[in-house]
Amino acid sequence: MIENIVILTGAGISAESGLQTFRAADGLWEGHRVEDVATPEAYRRNPALVHQFYDARRARLAEVVPNPAHEALARLDAEWSGELLIVTQNVDDLHERAGARRLLHMHGELLSAWCQSCDDRYEWDGPMGEGAHCPRCARAGQVRPDIVWFGEMPYDMERIDAALINADLFVSIGTSGAVYPAAGFVQTARYRGARTLEINLEPSQGSVFFDERRYGPASVEVPRWVDELLAQSAQSSPISS
C-alpha cells in the first residue's frame, strides 16, 4: 500500500511552459557555458555576467505560467492524505504558482537572494546586478542569486534523505538522471524498498533503476498518472459510515 511519496522534478517539467531545459544539445545553457554562469568561480571571475544571466532568467520567469503537469502535482499535494514531498531541481516558481505546498527547492530559487555579508536569504523580484543592497544589513555588492551552483551543496539534503528512506513510492519527472546527488535518489529509494516510476520524454541515464517507465510529454503523462493514483487510493480507502 502506498502512503509516503517522494517526487523529483527536473527541467523537463518546466520546458513545456516555455523555460529552456538546463543544458541544450550543444552543451550551452541559454547560449552560455555552464562554467561561465553557474559556478562560484564564474561569479568571482565575472559577477556582472552571472548577474546579467540570472536577471534575464528572472525576467523570463514572469512571462510563463504553470502547465498541466505542475497543476496535476498541486492537485496530488492537496488531495493525498499520506506523506508527500515534491523535490524540485528547478529554480523557477511554477510549482508554487500551481498551488503545491509540500515542496522544496534543492538547487535554490530565482526569486530569492542571498547576502554574502550577513548570510540572510530573502525574496527578490526583478533585477539584482552587482550593486544590489541587502535589505537587512544594507551592504551593497554582497547580494547574489540564491542558487546552488556546481561545486556547492544542495539544500535540505537531510530532509530529502529522510523522506527517501521512508518512501513507498519514488517518482522522477522530467530529469536526465545525469546530475548528482539527485540522480542517485532512485537508488536510495529502491534500496529501502520503494516502488520507482520514471515519467520522461525519453529514458534517463538511470532508467534501469525504475520499476515502471512512462514516456511522453509531462503535461500529458503526469495528469494521467495522478488521476490513476488518486482513483486507486479512493478505491482502497475504507468506506466511511
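Residues numbered from 1 in each chain as written. Predicted model: local features only at pLDDT ≥ 70, side-chain atom pairs only at ≥ 80, totals over all residues. Heavy atoms only, no water.

Looking up the protein in an unreviewed UniProt entry gives the name NAD-dependent protein deacylase, with the organism given as Sphingomonas rhizophila. In its Function (unreviewed entry) section, the UniProt record describing the protein reads: "NAD-dependent lysine deacetylase and desuccinylase that specifically removes acetyl and succinyl groups on target proteins. Modulates the activities of several proteins which are inactive in their acylated form." What UniProt records for the protein under Subcellular location (unreviewed entry) is the sentence "Cytoplasm". (UniProt positions renumbered as here; feature names shortened; annotations may be inferred.)

**Student:** So what exactly am I meant to see when it comes to the side chain of Thr 88 here?
**Tutor:** Secondary-structure assignment places Thr 88 in strand 4 (residues 84-88). Take Thr 88: its relative accessible area is 0%, and that puts it in the buried class. Not counting residues up to four positions away in its chain, the partners in contact with Thr 88 are Thr 9, His 95, Leu 103, Leu 104, His 105, Met 106 and His 107. (Helix = DSSP H or I, 4+ residues; strand = E, 2+ residues; numbered from the N terminus. Buried < 20%, exposed > 50% of the residue type's maximum accessible area, 1.4 Å probe, protein only. Contact = heavy atoms within 4.5 Å.)

**Student:** How should the side chain of Arg 214 be read in this particular structure?
**Tutor:** In this structure, Arg 214 sits in strand 11 (residues 212-215). Of the polar contacts made by the side chain of Arg 214, one reaches the side chain of Glu 228; its length is 2.7 Å. Residues contacting Arg 214, with those up to four places away along its chain left out, are Leu 197, Glu 198, Ile 199, Asn 200, Glu 221, Arg 224, Trp 225 and Glu 228. (Polar contact = N/O pair within 3.5 Å; in protein donor to acceptor, adjacent residues only side chain to side chain.)

**Student:** Explanation requested: the nonpolar core in the structure shown.
**Tutor:** Across soluble globular proteins, you tend to see nonpolar side chains buried next to one another. Among the nonpolar cores identified, the biggest contains 24 residues, and Ile 7, Leu 73, Leu 76, Ile 173, Val 222 and Trp 225 are the most heavily contacted of them. Those elements that provide at least two residues to this core are strand 1 (5-9), helix 5 (68-79), strand 4, strand 9 (169-173), strand 10 (195-200) and helix 9 (218-236). In terms of residue count, the dominant contributor to this core is helix 9 (6 residues). Other than its neighbours up to four places away in sequence, Ile 173 contacts Ile 7, Leu 8, Thr 9, Gly 10, Ile 13, Leu 73, Ile 199, Ala 218 and Val 222. (Core = buried A, V, L, I, M, F, W, Y, C linked by side-chain atoms within 4.5 Å.)

**Student:** Explanation requested: the sheet that holds strand 11 in the structure shown.
**Tutor:** Working definition: the strands of a sheet are paired by backbone hydrogen bonds and lie parallel or antiparallel to each other. Across the sheet, 6 strands lie side by side as 5-4-1-9-10-11; this open sheet has parallel pairing. Only two strands of the sheet have a single neighbouring strand rather than two, namely strand 5 (103-105) and strand 11. Looking at each pair of strands side by side, their axes are set apart by 15° on average, direction ignored. Strand direction decides the pairing type here: strand 10 and strand 11, joined by 4 bridges, are parallel. Its bridge partner being in strand 11, Ile 199 is matched across the sheet by Arg 214. Strands strand 1, strand 9, strand 10 and strand 11 of the sheet are contacted by helix 9, whose axis makes an angle of about 135° with strand 11. (Pairing = 2+ DSSP bridges. Axes fitted to C-alpha atoms, helices over the stretch in contact; angles between N-to-C directions.)

**Student:** What am I meant to see in the pattern of salt bridges here?
**Tutor:** Opposite charge on two side chains permits them to pair, given that their charged atoms come into close proximity. Counting across every chain of the model gives 17 salt bridges. The partner of Asp 227 in a salt bridge is Arg 75, with the nearest N and O atoms 2.4 Å apart. Here Asp 227 is found in helix 9, whereas its partner Arg 75 is found in helix 5, with 152 residues between them in sequence. Residue classification places Asp 227 among the partly exposed positions, given a relative accessible area of 41%. Through salt bridges with shared partners, a single ionic network connects Arg 33, Asp 36 and Arg 45. (Salt bridge = Lys/Arg side-chain N within 4 Å of Asp/Glu carboxyl O.)

**Student:** Explanation requested: the domain arrangement of the protein in the structure shown.
**Tutor:** Accessible area lost during the coming together of the parts is what is often quoted as the interface size. For the protein, the domain assignment lists domain 1 (1-19 + 66-107 + 154-236) and domain 2 (20-63 + 110-147). Between the C-alpha centres of domain 1 and domain 2 there is a distance of 26 Å. Counting from both sides, the interface comprises 11 residues of domain 1 and, opposite them, 11 residues of domain 2. Of the roughly 950 Å² buried where domain 1 meets domain 2, counting both sides, 59% is carbon and sulfur surface. If you sort the residues of domain 1 by the area they bury against domain 2, Leu 19, Val 91 and Tyr 155 come out on top, with a joint share of 51%. For the interface between domain 1 and domain 2, the tally reads 0 salt bridges. Summed over the shared surface of domain 1 and domain 2, the number is 5 residue pairs in polar contact (both at pLDDT 80 or more). Of all the elements in the fold, those that place two or more residues in the side of domain 1 that touches domain 2 are helix 1 (11-15) and helix 6 (94-98). Across the side of domain 1 that touches domain 2, the residue classes tally to 6 nonpolar, 2 polar and 3 charged. (Domains from an automatic or database assignment. Buried area = accessible area lost by both parts, 1.4 Å probe. Nonpolar A, V, L, I, M, F, W, Y, C, P; charged D, E, K, R; others polar.)

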